[in-house]
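# Examining the three-dimensional arrangement
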Amino acid sequence: MIASDLGRAAALFSVPIAAVFGGLTTWQLFAVAAVNSALSVLFAAAYQSYLPTLVDRSELLEGNAKLAGTASVAEVASFSLSGWLVQLLKAPGALAIDATTFVISAYYVWRIEQPEPEPERDGSEEHFWREAKAGARIVASNGVLRALAIAEAAQSMAEKVLTTVFLLYLNGELGFSPGVLGVIFAVGGVTSLGGAYLANRGVLFFGGVGPTLAVCSFMRGTGALFMPLCMSNSWAGIALLVANQVVSDPFWSLYEIHDVSLRQGITPERFQGRMFANFRLLNFGFAVVGTVIGGVLGTLIGFRETLFVAVGMMYVSVLVLTLSPVIRVKNADGARIVDPGRAA
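The structure contained in this document is the topic of the report that follows. As the structure is a prediction and not an experimental result, all values here were calculated from the model. (Residues numbered from 1 in each chain as written. Predicted model: local features only at pLDDT ≥ 70, side-chain atom pairs only at ≥ 80, totals over all residues. Heavy atoms only, no water.)

### Things to note about the overall build of the protein
- The helix and strand tally for the protein stands at 12 helices and zero strands.
- The order of α-helices and β-strands along the protein, N terminus first, is α-α-α-α-α-α-α-α-α-α-α-α.
- Residue pairs in contact within the protein that sit at least 24 positions apart in sequence constitute 84% of those at least 6 positions apart. (Helix = DSSP H or I, 4+ residues; strand = E, 2+ residues; numbered from the N terminus. Contact = heavy atoms within 4.5 Å.)

### Remarks on helix α9 (residues 235-266)
- Between the first and last C-alpha of α9 there are 46 Å, a value that for 32 residues agrees with the 46 Å anticipated at 1.5 Å per step.
- Within α9, 23 of the 32 residues are buried, which leaves it mostly tucked inside the rest of the structure. (Expected span 1.5 Å × (residues − 1). Buried < 20%, exposed > 50% of the residue type's maximum accessible area, 1.4 Å probe, protein only.)

### Side note on the packing of aromatic side chains
- Across all of its chains, the model carries six aromatic pairs by this definition.
- Summarising the aromatic geometry, the rings of Phe 43 and Tyr 47 are spaced 6.0 Å apart at their centres and angled 15° between planes, so their arrangement reads as stacked. In this pair, Phe 43 and Tyr 47 both sit in helix α2 (residues 26-54), four residues apart, roughly one turn of the helix.
- Residue classification places Phe 43 among the buried positions, given a relative accessible area of 14%.
- A ring pair is formed by Phe 218 and Tyr 315, whose centres lie 5.6 Å apart and whose planes are at 45°; its orientation type is tilted. Taken as a pair, Phe 218 in helix α7 (residues 209-224) and Tyr 315 in helix α11 (residues 303-322) lie far apart in primary sequence, 97 residues in all.
- Its relative accessible area of 27% is what places Tyr 315 among the partly exposed residues.
- The ring of Phe 279 carries the charged tip of Arg 263 above its face, separated from the ring centre by 4.0 Å. (Phe/Tyr/Trp six-rings, centres within 6.5 Å; stacked < 30°, edge-to-face > 60°. Lys NZ or Arg CZ within 6 Å of the ring centre and 35° of its normal.)

### Overview of the packing of helix α5 (residues 143-173) against α11
- Here α5 crosses α11 at 165°, and the two axes come no closer than 8 Å. Classified by the angle their axes make, α5 and α11 are roughly antiparallel. Here α5 runs over α11; the crossing is left-handed.
- Each residue belonging to the contact of α5 with α11 can be placed in one class, and the counts come to 21 nonpolar, three polar and three charged. (Axes fitted to C-alpha atoms, helices over the stretch in contact; angles between N-to-C directions. Parallel < 35°, antiparallel > 145°, perpendicular 65-115°, else oblique. Left-handed = near helix turned anticlockwise from the far one by under 90°. Nonpolar A, V, L, I, M, F, W, Y, C, P; charged D, E, K, R; others polar.)

Structure follows, in structure tokens:
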């Protein structure tokens with residue numbers, strides 16, 4: 001996690017440095033994006049696998065809820081400031097501040113005092129490809145993990161279709177300034193705190209984790225629908241964008257907390273990293289596909305129409321969850337996976 005943070009900081013710092021000396025190129029931006037994405041995958045897989053070593057399984061939901069609440073506070077500050085920073089310092093200056101935050105993150109991870117337990121190792125699997133295949137088998141062979149992975153892949157693709165064009169639509173076509181959009185998106189940070197609060201209070205829809213995930217997925221898509229419904233830079237348009245943040249973000253937060261907690265709770269400890277890495281790899285692959293689809297559709301049918309397509313793709317994940325074993329999961333205890341090594 002520390003190495004990933006410092007690597008991302010170094011990659012991002014290279015952009016303002018190159019810009020100052022007049023040497024910034026598109027190829028450098030491609031390289032920085034690739035390094036940042038790869039290290040983000042490593043960090044996220046390690047981060048989500050690390051939490052179960054710090055708290056008991058019974059405290060996973062509370063731990064994830066508190067982490068999500070902290071992230072929501074950071075989102076409020078970052079979105080509120082980012083648009084104005086870009087206008088004031090230009091993009092390279094804003095990236096320098098972004099890079100500094102990764103250094104701060106590395107410092108605080110280093111400050112964690114609790115010793116990390118030695119990972120359990122199986123000599124027969126101590127090889128990169130064998131370990132990767134073992135993680136893939138865990139995900140593919142379990143109905144709950146398999147459905148969560150497919151739903152998350154569909155959601156990741158839909159999000160990238162949306163994020164590829166939504167700023168072009170809101171800023172380029174409708175004329176919203178970056179500063180105004182930053183303040184509007186900061187509302188999502190405030191409302192996502194509500195989702196973290198509900199998760200921490202143990203709020204479940206229809207009495208189970210599975211139905212809660214399906215409901216939250218549906219509400220995320222419904223909230224996203226307000227974005228293409230915004231058709232003008234006016235108070236009505238602002239109201240629709242705020243509605244998007246009010247509806248989508250709390251359910252997004254609630255979904256992610258229950259999703260990660262469920263995966264942590266049912267997966268054997270020695271497979272945590274492999275399981276999360278497989279999810280991240282799948283999400284990254286579909287995110288790339290979504291980015292391409294967003295660019296092509298934005299060119300062919302228009303930005304607003306592409307946003308409607310993205311919303312439709314979000315509802316695919318709802319369908320996957322509803323028609324899968326996930327919908328019957330009440331809690332992690334009832335869906336826990338037996339460690340194949342231990343069973344043998």
